Amino acid sequence: MVGVRRLATVGIDAASAARGLEAARVHEEVFAIVGRHPHEAAGFEDADVEAIERMAADPAVRAIGETGLDYFRDHSPRADQRRAFEQQIDLARRVELPVVIHTREAEDDTFAILRERAEGMTVVLHCFSAAERLDECVERGYVCSFAGNVTYPKAIDLQAAARDVPAELLMVETDSPYLSPQPVRGKPNEPANVVATAEHVADLRGISYAELDAAVERTAARVFGW
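In this text the structure is predicted, and so the values were computed from the model without any measurement. (Residues numbered from 1 in each chain as written. Predicted model: local features only at pLDDT ≥ 70, side-chain atom pairs only at ≥ 80, totals over all residues. Heavy atoms only, no water.)

## Quick word on the environment of arginine 62
With respect to the helices and strands, arginine 62 occurs in strand β3 (residues 61-70). Separated by 56 residues in sequence, arginine 62 and arginine 6 have C-alpha atoms that sit 12 Å apart. Beyond its immediate stretch of four places on either side in the chain, arginine 62 contacts Phe31, Ala32, Leu97, Pro98, Val223, Phe224, Gly225 and Trp226. At 2.8 Å, the side chain of arginine 62 and the backbone oxygen of glycine 225 are in polar contact. (Helix = DSSP H or I, 4+ residues; strand = E, 2+ residues; numbered from the N terminus. Contact = heavy atoms within 4.5 Å. Polar contact = N/O pair within 3.5 Å; in protein donor to acceptor, adjacent residues only side chain to side chain.)

Pasting the structure below:
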């Protein structure tokens, strides 16, 4: 046992969201986040929003996402990515759930859309990478969730953000099976490895692991309602 007591499983398309929801229904310590990843946004339409909304009615679902923009891979047309992103933000507001954001090399558009559509909502910046926008994130109350890449020796700007973000806006995550923390870098990631990431963030902040754990637990409980 490494201390991981709850986890959120994230859907990126209809099939994976359904699998995540089923796991959450079977295991009381598992919760679901349902939505459409920008990689899977091609052809996104009203029927897709309606399908996500039906899943979101289940009490095991605690957020909408991950959604956002990815101009690095560009697996989906950007117009489709934007439409899916905007409609999922609107859905999250309608069903009163947090929205979990993916953004990669699309920060200008991502943050513009959030300013326009997500005012007053609970926004989680998954796999936080926008270190240069930390001040805006803090001002707007966005939760910054750090993955294993914060432990990489060259991630200086990311480490500074993890050090400086207010505790009430800090979370850590695995992004399994990707971004394994430095001690197991190059191997498939898994939820247990979040401990290594949290230990590193605690060191960056000059606090004990127990203090970091308690702060992250408070943030996660507030965001996801567990």
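## Focus: the sheet that holds strand β2 (residues 30-34)
With parallel pairing, seven strands are arranged side by side in an open sheet as β1-β2-β3-β4-β5-β6-β7. The sheet is open, and its two borders are formed by β1 (7-10) and β7 (170-172), each paired with just one other strand. This sheet shows a mean twist of 30 degrees between the axes of neighbouring strands, independent of strand direction. Bridging between β1 and β2 involves four bridges; their strand directions are parallel. Residue leucine 7 lies in a different strand from β2, and its bridge partner there is valine 30. (Pairing = 2+ DSSP bridges. Axes fitted to C-alpha atoms, helices over the stretch in contact; angles between N-to-C directions.)

## Notes on the pattern of salt bridges
What the rule picks out here adds up to 18 salt bridges. Arginine 6 is the partner of glutamate 217 in a salt bridge, and the nearest nitrogen-oxygen pair spans 2.9 Å. Taken as a pair, glutamate 217 in helix α8 (residues 209-224) and arginine 6 in the segment before β1 lie far apart in primary sequence, 211 residues in all. On the accessibility criterion, glutamate 217 (27% relative accessible area) is partly exposed. Note that aspartate 90 is salt-bridged to arginine 117, the shortest N-O span being 2.7 Å. One end of the pair, aspartate 90, is in helix α3 (residues 78-95); the other, arginine 117, is in helix α4 (residues 107-117), and 27 residues separate them in sequence. Its relative accessible area of 28% is what places aspartate 90 among the partly exposed residues. Accessibility expressed as a relative area gives 22% for arginine 117, which makes it partly exposed. Several salt bridges share partner residues, and in doing so they unite Asp108, Arg115, Glu119, Arg133, Glu136 and Arg140 into one network. (Salt bridge = Lys/Arg side-chain N within 4 Å of Asp/Glu carboxyl O. Buried < 20%, exposed > 50% of the residue type's maximum accessible area, 1.4 Å probe, protein only.)

## Some words on the pairing of β2
For β2, the buried fraction is high: five of the five residues fall into the buried class. Where burial is concerned, the two faces of β2 agree: the one with Val30, Ala32 and Val34 and the one with Phe31 and Ile33 are both buried. Note that the unit made of β1, helix α1 (residues 14-26) and β2 has a crossover that is right-handed. Of the pairings in the sheet, the one linking β2 to β3 comprises three bridges and is parallel in character. Looking at the pairing, valine 34 lines up with isoleucine 64 of β3. (Right-handed = clockwise from strand over helix to strand, strands pointing away.)

## A few points about the packing of helix α2 (residues 46-56) against α3
Their axes nearest at 11 Å, the elements α2 and α3 cross at an angle of 35 degrees. Crossing hand, α2 versus α3: right-handed. Counted together, Asp46, Val49, Ile52 and Glu53 of α2 and Gln87, Gln88, Leu91, Arg94 and Val95 of α3 form the full contact between these two elements. Its residues placed into classes, the contact of α2 with α3 shows four nonpolar, two polar and three charged. (Left-handed = near helix turned anticlockwise from the far one by under 90°. Nonpolar A, V, L, I, M, F, W, Y, C, P; charged D, E, K, R; others polar.)

## Looking at α1
In this model, α1 (13 residues) spans 19 Å end to end at C-alpha, consistent with the 18 Å of a helix rising 1.5 Å per residue. Lining the buried residues of α1 we find β1, β2, α2 and β3. (Expected span 1.5 Å × (residues − 1).)

## Structural notes on the packing of aromatic side chains
For any two aromatic rings, the description comes down to two numbers: the centre-to-centre distance and the angle of the planes. Taken as a whole, this structure holds four aromatic pairs when the rule is applied. Each ring, one from phenylalanine 31 and one from tryptophan 226, has its centre 5.1 Å from the other, and the planes form 45 degrees; the classification is tilted. Here phenylalanine 31 is found in strand β2, whereas its partner tryptophan 226 is found in the segment after α8, with 195 residues between them in sequence. For phenylalanine 31, a relative accessible area of 10% translates into the label buried. When the centroid spacing of 6.2 Å and the interplanar angle of 50 degrees are considered together, the rings of phenylalanine 111 and tyrosine 142 count as tilted. Of this pair, phenylalanine 111 sits in helix α4 while tyrosine 142 sits in the loop between α5 (134-140) and β6 (143-146), and the two are 31 residues apart along the sequence. (Phe/Tyr/Trp six-rings, centres within 6.5 Å; stacked < 30°, edge-to-face > 60°.)

## A look at the side chain of histidine 102
Positionally, histidine 102 belongs in strand β4 (residues 99-104). Once residues within four sequence positions are removed from consideration, histidine 102 is found in contact with His37, Pro38, Glu66, Thr67, Gly68, Leu69, Asp70 and His126.

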